[in-house]
Amino acid sequence: MDDRTKEIPIFVPRLPKENTLSLYKNLFKQTAIYGLATVLPRMFSFLLVPLYTDLLPKAAYGKVTIIFAYMIFFNVILAYGMETAFFRFYNKEADKKAVVETTTIALLWSTILFAIPALLFRNNLAVWSGIDAQYITYTIWILVLDALVIVPFSILRAHQKPMTYAVVKIGNVFVNLSFNIFFLLYLPKIAVAHPHTFLNTIYVEDFQIGYIFISNIIASLLTFIALSPTYFKVRWHLDFSLWKRMMQYGLPIMVAGIAFAINEQFDKILLGKLLPADIADAQVGVYSACYKLGLFMVLYRTAYTLGIEPFFFSHASSENAPQTYATITKYFVIFGSFILLAVIVFADVFKYLMIRDPSYWEAMKVVPLIILANFFLGIYTNLSVWYKLIDKTHIGAYISIVGAAVTLALNFLLIPTLSYYGSAIATIAAYGTMMVISYVLGNKYYPIPYDIKKIASYLGVSIAFSTLSFYYFRENYMVGIPLLLVFLYFIYHNEKETLNRILKRPKIIK
């Protein structure tokens, strides 16, 4: 045992002081606004799931999913850890303008150096991936435009302008959704009803997949235009010394990001490769559709991460930082445990809203595993703060590589016999492994006094109730709803003093 862990006193829950309480309230407000920027766009994107599953055959939807899975990998590569490096050095360096300028120039040139060869060799990429060259071209332009707004979005977060961030993010998805609906629903009808109009000339029969990616290009282009003034406000001066330090910090994060992409997306690609060709795309389609029901936990985790990452860095030097991180993690688990149970109890209600084609429902059995896996990933995000704060991001990369190895090994082992259910098992095993490793190493390098007893109790009760509801009393809401209410009371009983203080309003003195 590391000697430093022996010096950490036993954690005793206590009410936060007033100044600490206001800090938590400020964090909550920031997270709520960033959550709005995440939740509303994802709510819009929910509408795309029934749209795609209604209009696209399962195989076509599976093909779209595979293309987006590849896009996730290249998004990580084109960012190469510079977004997180930006926040670290923006809060650390005295010359913040140099951080903005160096990050902007670096990402601009790296994006250009990607775009030129990618477009030149797009036919080769099409042969290698088995994806139509036309879709490859669309994908490249989406990747380029998305990479060019990394710095502008990061600046908005660093300057604490969550409302502007939210408006642009929501606008992006609203445009994407609107053009998807227009191209897939209305354009075919208009082309038939008015064959001699301009709109008929842009209609292509059986081009649904192409229209999906054209909609994304339009949304990404408008987002870039909205944020492009950032490029006119910077001096075009790259601090080479700063750039090298940022690269040293960011590249391990890129490795970790690639490993995360493997954990989150590679199962779809492997399903397409390892299953028989005649059923592969269809199996990817049903798995991906039901996978979307785990999006509620993804929303929670993503919104939280957007709000918490700048907070972690800006409060790293505070005397009570470890205690603050411990408290935040506990409440993340509390709210996440409730979301886990609620979504699983009502999973079969959500499927009627999101996946109206019953042929997709065969993969519903993966839903509890996917939701829990995303919760494990959220807990890992909390636990992993230590290696970012002590500038040992390479350890995070190693942990992610271990998770990716678990993902790949179990997918190769289980897909041939269990199909997509094997992929779901691999996902939960990978994130669970990463969570445990990060906790163990964190205790060694940056001890944080987590309230493990309470965290384990909330998580354990939520998992037990979820298992009971889904696998033994599925769609029996006379059992599921009472289980949810009992869990809410369990939370209130254990946290009532703190909850009362947070909700308490100051008395008005007359």
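Residues numbered from 1 in each chain as written. Predicted model: local features only at pLDDT ≥ 70, side-chain atom pairs only at ≥ 80, totals over all residues. Heavy atoms only, no water.

(A) Focus on the overall build of the protein chain. A count of helices and strands for the protein chain gives 24 helices and zero strands. For the protein chain, the proportion of its 510 residues judged to be buried stands at 52%. Taking contacts inside the protein chain between residues at least 6 apart in sequence as the whole, the part at least 24 apart equals 85%. Here the protein chain has roughly 23900 Å² of accessible surface; of this, 67% comes from carbon and sulfur atoms. (Helix = DSSP H or I, 4+ residues; strand = E, 2+ residues; numbered from the N terminus. Buried < 20%, exposed > 50% of the residue type's maximum accessible area, 1.4 Å probe, protein only. Contact = heavy atoms within 4.5 Å. Areas by Shrake-Rupley, 256 points an atom, 1.4 Å probe, with all protein chains shown as cover.)

(B) A look at the pattern of salt bridges. Taken as a whole and judged by the stated rule, the model has nine salt bridges. Among the ionic pairs, R157 bridges to E83, the shortest N-O distance being 3.2 Å. In this pair, R157 is assigned in helix α9 (residues 150–158) and E83 in helix α5 (residues 82–92), connecting sequence segments 74 residues apart. The class of R157 is buried, set by a relative accessible area of 4%. A salt bridge links D348 to R474; the nearest nitrogen and oxygen atoms lie 2.8 Å apart. Of the two residues, D348 is situated in helix α18 (residues 347–354) and R474 in the loop between α23 (452–472) and α24 (477–503); the sequence distance between them amounts to 126 residues. Residue classification places D348 among the buried residues on the basis of a relative accessible area of 2%. (Salt bridge = Lys/Arg side-chain N within 4 Å of Asp/Glu carboxyl O.)

(C) Quick peek at the packing of aromatic side chains. Within the structure shown, the criterion is met by 32 aromatic pairs. Between F153 and Y165 the ring centres are 5.3 Å apart and the planes differ by 70 degrees, which places this aromatic pair in the edge-to-face class. With F153 in helix α9 and Y165 in helix α10 (residues 162–193), this pair connects stretches of sequence that are 12 residues apart. Each member of the pair F153 and Y165 is classed as buried. (Phe/Tyr/Trp six-rings, centres within 6.5 Å; stacked < 30°, edge-to-face > 60°.)

(D) Representation of unusual backbone geometry in the model. The backbone of Y80 sits at a positive phi, close to 35 degrees, despite the residue not being glycine. Of note, Y80 is situated in the loop between α4 (58–79) and α5. Take Y80: its relative accessible area is 8%, and that puts it in the buried class.

(E) Highlighting the layout of surface pockets. The volume enclosed by the second largest pocket comes to roughly 420 Å³. Counting residues per element, the ones that place at least two in the lining of the second largest pocket are α6 (96–120), α9, α12 (208–227) and α13 (229–232). It is α6 that contributes the most residues to the lining of the second largest pocket, four residues altogether. Among the residues making up the lining of the second largest pocket, the classes are represented as nine nonpolar, two polar and five charged. (1 Å grid on protein atoms, 1.4 Å probe; cavity = no way out; pocket = protein on both sides within 12 Å on 5 of 7 lines; lining within 4 Å. Points joined across faces, edges and corners; volume = space filled by probe spheres on them. Nonpolar A, V, L, I, M, F, W, Y, C, P; charged D, E, K, R; others polar.)

(F) Seen up close, the environment of G432. Mapped onto the fold, G432 is located in helix α22 (residues 420–445). It is 9.3 Å that separates the C-alpha atoms of G432 and L372, two residues lying 60 residues apart in sequence.

(G) Spotlight on the side chain of T223. Relative to the helices and strands, T223 resides in helix α12. Note on T223: relative accessible area 6%, which makes it buried. Polar side-chain contacts of T223 include one of 2.9 Å to the backbone oxygen of A219. Setting aside chain neighbours within four positions, we find T223 in contact with V149, F153, V168 and N172. (Polar contact = N/O pair within 3.5 Å; in protein donor to acceptor, adjacent residues only side chain to side chain.)

(H) The packing of helix α8 (residues 133–147) against α12, seen in detail. In contact at an axis separation of 9 Å, α8 and α12 are set at 20 degrees when each is read in the N-to-C sense. In terms of axis orientation, α8 runs roughly parallel to α12. In this structure, the crossing between α8 and α12 has a hand that is left-handed. Only I209, G210, F213, I214, N216, I217, S220, L221 and F224 of α12 make contact with α8, whose side of the interface consists of Y135, Y138, T139, W141, I142, L145 and D146. (Axes fitted to C-alpha atoms, helices over the stretch in contact; angles between N-to-C directions. Parallel < 35°, antiparallel > 145°, perpendicular 65-115°, else oblique. Left-handed = near helix turned anticlockwise from the far one by under 90°.)

(I) Focus on the packing of α6 against α9. As a packed pair, α6 and α9 sit with axes 9 Å apart at the nearest point and diverge in direction by 155 degrees. With respect to α9, the axis of α6 lies roughly antiparallel. Crossing of α6 over α9 shows right-handed handedness. Residues V100, T103, T104 and L107 of α6 touch α9, and the partners they reach there are I150, V151 and I155. Tallied by class, residues from the contact of α6 with α9 come to five nonpolar, two polar and no charged.

(J) Up close: α18. By the burial criterion, the buried members of α18 are A347, D348, K351 and M354. Taken down its axis, α18 places every buried residue within 125 degrees of arc, on the same side. (Arc of directions from axis to C-beta.)

(K) Focus on a nonpolar patch on the surface. Nonpolar side chains collect at one region of the surface, where W109, I112, I116, L120 and F121 lie side by side and expose about 550 Å² of accessible area between them. By secondary structure assignment, the location of I112 is in helix α6. (Patch = residues over 30% accessible without salt bridge, like charges linked within 9 Å, V, L, I, M, F, W, Y side chains within 5 Å.)

(L) Seen up close, the side chain of T230. Among the structural elements, T230 can be located in helix α13. What makes T230 buried here is its relative accessible area of 16%. Those residues in contact with T230 that lie beyond four places of it in its chain are P152 and I155.

(M) Representation of the environment of A456. Within the secondary structure layout, A456 lies in helix α23. C-alpha separation for the pair A456 and K330, spaced 126 residues apart in sequence, amounts to 9.7 Å.

Keep in mind that these numbers describe shape and distance, not what the molecule does.
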